[in-house]
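# Structural overview for review
These are the residues of each chain, in order.
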Amino acid sequence: MEWKLFADLAEVAGARTISVDVTDDATVGEALDALVGSYPSLESRVYADDGELYDHINVLRNGETASLDDDAQRGDELALFPPVSGG
């Protein structure tokens, strides 16, 4: 499964695209856990102190908003977007 990271999340991980290995019946949340397990520096940027995903972190599966309970299939493209501001 492949994760695409954007903005400062890519900087923290040191890569924009990261592959993770998960079981065939994995959820998006399990794929995120695999990502954070491989790149622990992402944990404080993605999860709050209570272990919940920050509200401002957007998770996408194949370009669509996803919840952590959604099924993740091999070949899916997962993405993490932090809050972005601009002008």
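Here is a short report on the structure shown in this document. What you see is a predicted model, and the numbers here were worked out from it, not measured in a lab.

To continue, consider the overall build of the protein. Scanning the protein for helices and strands turns up three helices and five strands. Along the chain direction, N to C, the helices and strands of the protein fall in the order β-α-β-α-α-β-β-β. Relative to its length of 87 residues, the protein is compact, with a C-alpha radius of gyration of 12 Å against a globular reference of 12 Å. Referenced to the eigenvectors of the C-alpha coordinate spread, the extents of the protein come out at roughly 40 × 30 × 25 Å. When the 87 residues of the protein are sorted by exposure, 36% land in the buried category. Of the contacts formed within the protein by residues at least 6 apart in sequence, a portion of 52% connects residues at least 24 apart. Charge separation in the protein, taken as the distance between the mean sites of 5 positive and 19 negative side-chain charges, equals 9 Å.

Where strand β1 (residues 2-5) lies against strand β5 (residues 77-81), four bridges are found, and the strand directions are parallel. Counterpart to Trp3 in the pairing with β5 is Leu78. Pairing of strand β3 (residues 58-61) with β5, which is carried by four bridges, proceeds in the antiparallel orientation. Directly across from Leu60, in β5, lies its bridge partner Ala79.

Thresholds applied
Residues numbered from 1 in each chain as written. Predicted model: local features only at pLDDT ≥ 70, side-chain atom pairs only at ≥ 80, totals over all residues. Heavy atoms only, no water. Helix = DSSP H or I, 4+ residues; strand = E, 2+ residues; numbered from the N terminus. Rg over C-alpha atoms; globule rule 2.2 N^0.38 Å. Buried < 20%, exposed > 50% of the residue type's maximum accessible area, 1.4 Å probe, protein only. Contact = heavy atoms within 4.5 Å. Lys, Arg positive; Asp, Glu negative; His and termini not counted. Charge placed at Lys NZ, Arg CZ, Asp CG, Glu CD. Pairing = 2+ DSSP bridges.

By themselves, these observations are geometric and do not establish any function.
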